[in-house]
Amino acid sequence: MPEKHTILIVDDDKYVRDTIKFLLSAEGYDLAFAESGKEALEKASEIKPDLMLLDVLMPGMDGFEVCRRLRAEPQLAELPIVMVTALNDRGSRLRGIKAGADEVISKPVDYVELKARIHAITRVNRYRRLTELKKAVAQQEVKMLGYQHLATIGLMASGLADEIQSPAQKIIDTVKDCIDSIRGPSVDSQQMATDLNE
């Protein structure tokens, strides 16, 4: 079963939200909605969407500010953002990109193009996540190999200690025997006195 992507749609215009909902719900995406910049930040933190469609002109916090705040948030900094704006001048588009948007689309939106861009972005995002997952798995495997090597070294050291201890004990026993033979038989003075009295 293919992965289902979550898209957070942020627009203060209910008609736009409903239109995008109608167009994208048939594509199999999980859709979430926010009506303001503040709500967009809250929902993004809560649901961690795969993509955000972000209107620029909203009362209160505009889309540029939302974008900047998302890029400053470590857990959401990589969230793909498509800004949708009625501002179609070059300066506004550049401002959106500087704020951190991945794409800037002008209104009125060409919905065929929008669906194609969403598909492309979610595909790239899925690839990025798989790459990150593979990297994390590889790092865990390296850690596990390190632990296995340490365990092997520990076992070898333990075995080596046993190997060293046995010959060392033999050397100690041999030295004791040599000392005893140099001293000669031990003399028990009481036993000697008893033997002489008899």
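Structure's up top.
Please read all numbers here as calculations on a predicted model, not as lab measurements. (Residues numbered from 1 in each chain as written. Predicted model: local features only at pLDDT ≥ 70, side-chain atom pairs only at ≥ 80, totals over all residues. Heavy atoms only, no water.)

S.K.: Account for the overall build of the protein, with residues named and values stated.
M.R.: Helix and strand counts for the protein come out as six helices and five strands. Order of helices (α) and strands (β) in the protein, N terminus to C terminus: β-α-β-α-β-α-β-α-β-α-α. The 198 residues of the protein split such that 28% are buried. When contacts within the protein are restricted to residue pairs at least 6 apart in sequence, long-range pairs at least 24 apart make up 61% of them. Accessible surface, the protein: about 13,500 Å² in total, of which carbon and sulfur atoms supply 58%. (Helix = DSSP H or I, 4+ residues; strand = E, 2+ residues; numbered from the N terminus. Buried < 20%, exposed > 50% of the residue type's maximum accessible area, 1.4 Å probe, protein only. Contact = heavy atoms within 4.5 Å. Areas by Shrake-Rupley, 256 points an atom, 1.4 Å probe, with all protein chains shown as cover.)

S.K.: Please provide a residue-by-residue account of the side chain of Asp50, values included.
M.R.: Within the secondary structure layout, Asp50 lies in the loop between α2 (37–47) and β3 (51–55). Its relative accessible area of 5% is what places Asp50 among the buried residues. Here the side chain of Asp50 touches Thr6 through a polar contact of 2.7 Å, landing on its backbone nitrogen. (Polar contact = N/O pair within 3.5 Å; in protein donor to acceptor, adjacent residues only side chain to side chain.)

S.K.: Outline empty space enclosed by the protein, listing residues and values.
M.R.: Inspection of the entire model under this criterion finds one cavity of 30 Å³ or more. Considering only enclosed or pocket space, the largest cavity measures out at about 30 Å³ in volume. If you go around the largest cavity, the residues you meet are Ile9, Val10, Asp11, Val16, Ile20, Leu53, Leu54, Asp55 and Val84. Listed by contribution, the elements that provide at least two residues to the lining of the largest cavity are β1 (6–10), α1 (14–25) and β3. Broken down by element, the lining of the largest cavity gets its largest block of residues, three residues, from β3. (1 Å grid on protein atoms, 1.4 Å probe; cavity = no way out; pocket = protein on both sides within 12 Å on 5 of 7 lines; lining within 4 Å. Points joined across faces, edges and corners; volume = space filled by probe spheres on them.)

S.K.: Tell me about helix α4 (residues 90–99), residues and numbers included.
M.R.: All of the buried residues in α4 are Ser92, Gly96 and Ala99. Down the axis of α4, the buried side of the element spans an arc of 65°, and every buried residue falls inside it. Set apart from the buried face of α4 by more than 90 degrees, the exposed residues are Arg90 and Lys98. Next to the buried residues of α4 lie α3 (63–72), β4 (81–85) and β5 (103–106). The positive-phi residue at the C-terminal boundary of α4 is Gly100, with phi of around 120°. (Arc of directions from axis to C-beta.)

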